[in-house]
Amino acid sequence: MLLVLSACQKPDQVIQPVEFVNPFIGTNAHGHTFPGATMPFGMVQLSPQTRLTGWDGCSGYHYSDSVIYGFAHTALSGTGASDYGDILIMPLIGEPVFSNTQYASSFRKENEAACAGYYSVFLDKPGVKAELTATTRAGYHRYTFPASNLSKFIIDLSHRDKVLDSWIEVVSDTEIRGMRRSTKWAKDMRVYFYIQFSKPFAWYGIAINNELTGNQTIANGTNLKAFLGFETASNEVIEIKVGISAVDEVGAKNNLSAEIPGWNFDEIRQQASDAWNKKLKVIEVKGGNSEQLTTFYTALYHVFLQPNTYFDVDRRYRGMDQNIHEATDFDNYTVFSIWDTYRTWHPLMTILDPALANNFVKVFLDMYEKGGLLPVWELAANETFCMIGYHSVSVIVDAWMKGLRDFDPNQALEAMIHSANQNHFGLKSYRQYGYIAGDKEHEAVSKTLEYCYDDWCIAQFAKDIGRQDVYDEFLKRAQYYKNIFDPSTGFMRPKLNGNWLTPFNPTKVDWNFTEANSWQYSFYVPQDVSGLIGMHGGKQNLERLLDELFETSDTMSGRHQSDITGLIGMYAHGNEPSHHMAYLYNFVNKPWKTQMRVRQIMDNLYSHQPDGYCGNEDCGQMSAWLVMSAMGFYPVTPGNPEYIIGTPWFPEMIINLDDGNSFKINAKDVSKRNFYVQSVKLNGQKFASSFISHKDIMSGGKLEFVMGSKPNHKWASTDENVPETAIRDHLILTVPVINAADQRFKDSMEISISHPAKQVPIFYTTDGSAPDKNSPLYVTPFMIHASATIKAIAWDEELGFSFPVEANFYKIDLDRTVTVAYPPRPNYTAGGINAIIDGLRGAENWRLGHWQGYQGVDFEAVVDLGSKKSIKKISAGFVQDVQSWILMPVKVEYFISENGKTFHRVAEIKNIHAADDYHISIRDFEAKINANARYVKVLAHKFGKLPAWHLGAGGDAYIFVDEITIE
């Protein structure tokens, strides 16, 4: 760190905020940040590429690496997907080479430095020093070469993701232009570029599919590389300027000409540094040690990296319809990791840059207009549909409730309702049943909870603009979380086929949750914490469960999830669903416990080291949590213009507001030991509440804390001084529960129906028809003897009918038995070994749990038909989802036997699906035969190790199977 700071500081000057920025923070462990040169919200992220694939290579760089493949002009900051890395440039000395392993260079950490707007490294292999800086839309390279007549640059357009199309043209002996169109996470990304060299190249060549041509000036294809040759003297400098655009090559050239008209690397570097310093001065910190300041200001730096500018200097941009438009009344941006950033990052922007926060709402509405839907996780004018919810709603409503209203509210409400009424991702089931069942949609618990919060936001917005009808509807939807709360366990619990998931373990990570377990989602009701308290039976009970969350010695169970990191008990700060939880103690009259946990997280889960983030940085969300918490307050419920008070991190912070005023936060005697709030004043007046309004902050003034080493149990501990979110209108009745031993039975099965919270009448049907008051009243358990669809509904005089609950039961032939050579993976058992012969087919959505999964082994099963029978056809079904490591078997062989010991092969079916086909597909490997046998063996040969082009390269592929059919 000291080396980095010394490279960026200037002697004999007052230290500025920019000098505390260390871009290497987050580049180690699982932070997924990049160290390259960029501007605040810049279109260009000019950064070294040290890793070609893998989860920890998502930004293109990892601190542990020692090889650089080149310098690319786009990068994602802290995400879990590896897009971008466009337009790679690398210096080399010698004859042209085509493989990235050949032109890559080793480097040493002591020869690498980075600060805001600047990066440099010495490349050992060519013996070249590389320096990078940037403007908003252009990258600037400076290379210092040794003496050589074989000095070169390679421009590699095939680097990183799959290329759909590209072209490159040599315009003159100092100019190159072209386009790269690629697909991966975002399905259709386009980057146009215009490159200028400070020195004419003496020689050039374009390689098409690694075949070099010496005089061709233009080429197109999916594997293009250009080579530019120079003769260099010792320590000769060659500079390169690169403008990029998503619109066209003219836009790229205009961007370059407008932002870097001349040749002065140091001037552009200084401009970048000054721009960052000005941006970071929005918060002035006084006190604290150098490590704290570096941690804080680097977090603030990361806050301002993304979203990225996505319009040219002439204001043209590529819209969600992939057409070119002109931005007239807003600035266009891209890279909206909204599932992460709606929680803290966007609320932070309403304080630090209200105009920009309002502008983002306009961007969202433009995306709705051009693409037909508010963004979920937008990247380069593509909707990736990554993560869950429709949290653009939260961003829009939070801005509106804080007075940022320079947009059409009617269009906004239309767009929000449109998102909420789609039929994808479980929404149809959510509206039909009042929750999402785990056998209808994967990640059902998480989706139900997050949809409820978004619906509450819509209700608040609708009420504020006078749409009572919409308010009434969506306030009911905001309570659907009640249908998945199990009072017997105190957890949000998955439901399958009308019943609670059994057995249930809240530590288990499975496909009922999004990157989490029940511990990490059972506190997610930010819109109705009072309702959650009521369902737990009071504040003390919720407090006890919060204590257990942080203090439990239980360990995570279920499938491995890389995102669940930064653990304190079952609290997981490395992933966003936990981010509000430490602040919930304020709601149960124990703000001192919030203070303790928040300080613990700030001190222990952030640092000034390269591994200073305990999880993915996620486009600024992890950093925004620290920035907000360091100021002493946090937005638990965006859309409610209040912040929950925690504990400040520094003796003094000044927020320089956009109207010229400032809001000062003083914390007398604050230290690593003195983190408990003793008393608070706002503008000189005693302040006894553990929450503060957005208006109080934005009006300017002073918030003064007195800190101590012991908790003040009296401060802000009475009901009138604690925050509250509550839904009191249009209360709903929760759904009944249909209980049975299994979904499948042989002869008959007992069914019982209960209600989780109340002794209320329950009406039911067994023929699949909708129940009402004329249907049979449930009294005692009953038997079914045939396949049946049972529906039940509860009734309350005050609340009315509940939603119906539905369960399907199947009478099946269980005379056959099956054995397998290897057990399935514990998280993919489909409920038992008989699932692969029960006659019920797994859906395309394999996450629903109907498929058996095997990893690193062949699938081998023997079916015993019970007696010798005539066999006409054998088939086994398999699913492929390449992105999730699930691939078709290489081939499937079928064998038969009369004694179960001696088998002979009767059929072999080879796979015809391409391994790199990312579409989810199901195939039955079917063979028609004419034979008599009692035993049938199925042998599916595994794909093996994932290939180099896969994100999980080197890992073992899965085989997912269901169903074995024998006619």
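Residues numbered from 1 in each chain as written. Predicted model: local features only at pLDDT ≥ 70, side-chain atom pairs only at ≥ 80, totals over all residues. Heavy atoms only, no water.

**Some points on the overall build of the chain**
Each helix and strand in the chain was counted, giving 18 helices and 58 strands. In terms of overall dimensions, the chain is globule-like: its C-alpha atoms have a radius of gyration of 30 Å, near the 30 Å expected for 967 residues. With the C-alpha coordinates of the chain rotated into their principal frame, the extents come out at 90 × 80 × 50 Å. In the chain, once contacts between residues fewer than 6 apart in sequence are set aside, the share between residues at least 24 apart is 69%. (Helix = DSSP H or I, 4+ residues; strand = E, 2+ residues; numbered from the N terminus. Rg over C-alpha atoms; globule rule 2.2 N^0.38 Å. Contact = heavy atoms within 4.5 Å.)

**Quick word on the environment of Thr222**
Relative to the assigned elements, Thr222 resides in the loop between β17 (218-221) and β18 (224-232). What makes Thr222 partly exposed here is its relative accessible area of 44%. With 199 residues separating them in the primary sequence, Thr222 and Asn421 have C-alpha atoms 40 Å apart. (Buried < 20%, exposed > 50% of the residue type's maximum accessible area, 1.4 Å probe, protein only.)

**What about empty space enclosed by the protein?**
Taking a probe equal in size to a water molecule and rolling it over the atoms shows the remaining empty space. If you walk through the whole model with that rule in mind, you get eight cavities of 30 Å³ or more. Reported here for the largest cavity is a volume of approximately 150 Å³. If you trace the largest cavity, you find 16 residues lining it, with Thr74, Tyr84, Val191, Ile244 and Tyr310 closest to the centre. For the lining of the largest cavity, the elements supplying multiple residues, two or more each, are β14 (189-197), β19 (236-245) and β21 (308-309). Grouping the amino acids of the lining of the largest cavity by side-chain chemistry returns eight nonpolar, six polar and two charged. (1 Å grid on protein atoms, 1.4 Å probe; cavity = no way out; pocket = protein on both sides within 12 Å on 5 of 7 lines; lining within 4 Å. Points joined across faces, edges and corners; volume = space filled by probe spheres on them. Nonpolar A, V, L, I, M, F, W, Y, C, P; charged D, E, K, R; others polar.)

**Some thoughts on the state of the cysteines**
In total, this model carries zero disulfides according to the counting rule given. Cys386 takes part in no disulfide bond, and the closest cysteine sulfur, belonging to Cys619, lies 10 Å away. You can call Cys386 partly exposed: its relative accessible area is 21%. Here Cys614 stays unpaired: no disulfide links it, and the sulfur of Cys619, its closest cysteine neighbor, is 16 Å away. (Disulfide = S-S within 2.5 Å.)

**Here we look at the pairing of strand β15 (residues 203-208)**
With six bridges connecting them, β15 and β18 associate as antiparallel partners. Each residue of the ladder has a partner; that of Ala207, found in β18, is Lys225. As defined by bridge partners, β15 adjoins strand β16 (residues 211-213) across three bridges and the pair is classed as antiparallel. The residue of β16 that forms the bridge with Ile206 is Thr213. The turn joining β15 and β16, which pair antiparallel and follow one another in sequence, is formed by two residues; a positive phi near 55 degrees is taken by Asn209. (Pairing = 2+ DSSP bridges.)

**Here's the deal with the environment of Asn254**
Tracing the sequence through the fold places Asn254 in helix α3 (residues 249-259). For Asn254, a relative accessible area of 33% corresponds to the partly exposed category. Spatially, the C-alpha atom of Asn254 lies 9.2 Å from that of Ile244, the residues being ten residues apart in sequence. When near neighbours in sequence (up to four residues on either side) are disregarded, Asn254 contacts Val313 and Asp314.

**Some thoughts on the packing of aromatic side chains**
Applying the stated rule across the entire model yields 63 aromatic pairs. Summarising the aromatic geometry, the rings of Phe675 and Tyr676 are spaced 4.4 Å apart at their centres and angled 40 degrees between planes, so their arrangement reads as tilted. Tyr676 shares its class with Phe675; the two are buried. Of the aromatic side chains, those joined through ring pairs into one cluster are Phe71, Tyr143, Phe145, Phe153, Phe197, Phe201, Tyr204 and Phe230. The ring of Tyr435 is capped by Lys495, whose NZ or CZ atom sits 4.9 Å from the centre of that ring. Just above the ring of Trp795 sits the side chain of Lys773; from NZ or CZ to the centre is 3.6 Å. (Phe/Tyr/Trp six-rings, centres within 6.5 Å; stacked < 30°, edge-to-face > 60°. Lys NZ or Arg CZ within 6 Å of the ring centre and 35° of its normal.)

**Observations concerning the layout of surface pockets**
Estimated volume of the second largest pocket: approximately 1400 Å³. Contributing to the lining of the second largest pocket are 50 residues, with Leu496, Leu501, Gly831, Leu848 and Gly849 lying nearest its centre. Only α11 (427-433), β31 (499-500) and β51 (805-811) provide two or more residues apiece to the lining of the second largest pocket. Counting residues per element, the lining of the second largest pocket draws most heavily on β51, which supplies four residues.

**Comments concerning the side chain of Lys402**
Tracing the sequence through the fold places Lys402 in the loop between α9 (392-401) and α10 (409-420). With relative accessibility at 10%, the residue Lys402 sits in the buried group. A polar contact of 3.0 Å, which involves the side chain of Lys402, links it to the side chain of Asp398. Beyond its immediate sequence surroundings of up to four residues, Lys402 is in contact with Pro347, Thr350, Pro641, Tyr643 and His694. (Polar contact = N/O pair within 3.5 Å; in protein donor to acceptor, adjacent residues only side chain to side chain.)

**Side note on the sheet that holds strand β10 (residues 138-145)**
Pairing is antiparallel in the open sheet, where nine strands are placed in the order β7-β8-β9-β10-β19-β14-β13-β12-β17. Both edges of this open sheet fall to β7 (112-115) and β17, since each of them pairs with a single strand only. With direction set aside, neighbouring strand axes in the sheet form an average angle of 15 degrees. Direction of pairing for strand β12 (residues 162-172) relative to β17: antiparallel, over a ladder of four bridges. Directly across from Ile168, in β17, lies its bridge partner Ala219. Contacts from α3 reach β10, β12, β13 (175-183), β14 and β19, with the element oriented near 125 degrees to β19. Packed onto the sheet, helix α4 (residues 265-280) meets β7, β8 (118-123), β9 (128-134), β10 and β19 and runs at close to 50 degrees relative to β9. (Axes fitted to C-alpha atoms, helices over the stretch in contact; angles between N-to-C directions.)

**A look at the side chain of Asp864**
On the secondary structure map, Asp864 appears in strand β54 (residues 859-880). In terms of polar contacts, Asp864 uses its side chain to reach the side chain of Arg934, at 2.8 Å. Once residues lying within four places of it in the same chain are set aside, the contact partners of Asp864 are Asp815, Arg816, Thr817, Arg934 and Tyr935.

**Section: the nonpolar core**
Counting residues in each nonpolar core, the largest one holds 196 residues, and the members touching the most others are Phe296, Met349 and Phe633. Take this core: its biggest share by element is twelve residues, from helix α12 (residues 444-464). With residues up to four places along the chain from it excluded, the contact list for Phe296 reads Ile283, Val285, Leu626, Val627, Ala630, Trp649, Phe650 and Met653. The next biggest cluster of nonpolar side chains, apart from the first, holds 51 residues, and it includes Phe71, Ala134, Ile240 and Ile244. (Core = buried A, V, L, I, M, F, W, Y, C linked by side-chain atoms within 4.5 Å.)

**A look at helix α16 (residues 591-604)**
Along its 14 residues, α16 runs 20 Å from first to last C-alpha, staying within 8% of the 20 Å computed at 1.5 Å per residue. Burial of α16 is extensive: ten of the 14 residues sit out of reach of the surface. (Expected span 1.5 Å × (residues − 1).)

**Section: the environment of Ser77**
Mapped onto the secondary structure, Ser77 falls in the loop between β4 (70-72) and β5 (88-93). Taking the C-alpha atoms as reference points, Ser77 and Thr965, 888 residues apart in sequence, are found 48 Å from one another. When neighbours within four sequence positions are excluded, Ser77 is seen to be in contact with His32, Thr33, Phe34, His302, Leu305, Gln306, Glu617, Asp618 and Cys619.

**Quick notes on the confidence of the model for the chain**
Of all residues in the chain, 98% attain a pLDDT of 70 or more, and the chain-wide mean is 96. Confidence drops under pLDDT 50 across residues 1-5; counting only partners more than four residues distant or on other chains, this segment forms ten contacts. (pLDDT = per-residue confidence, 0-100.)

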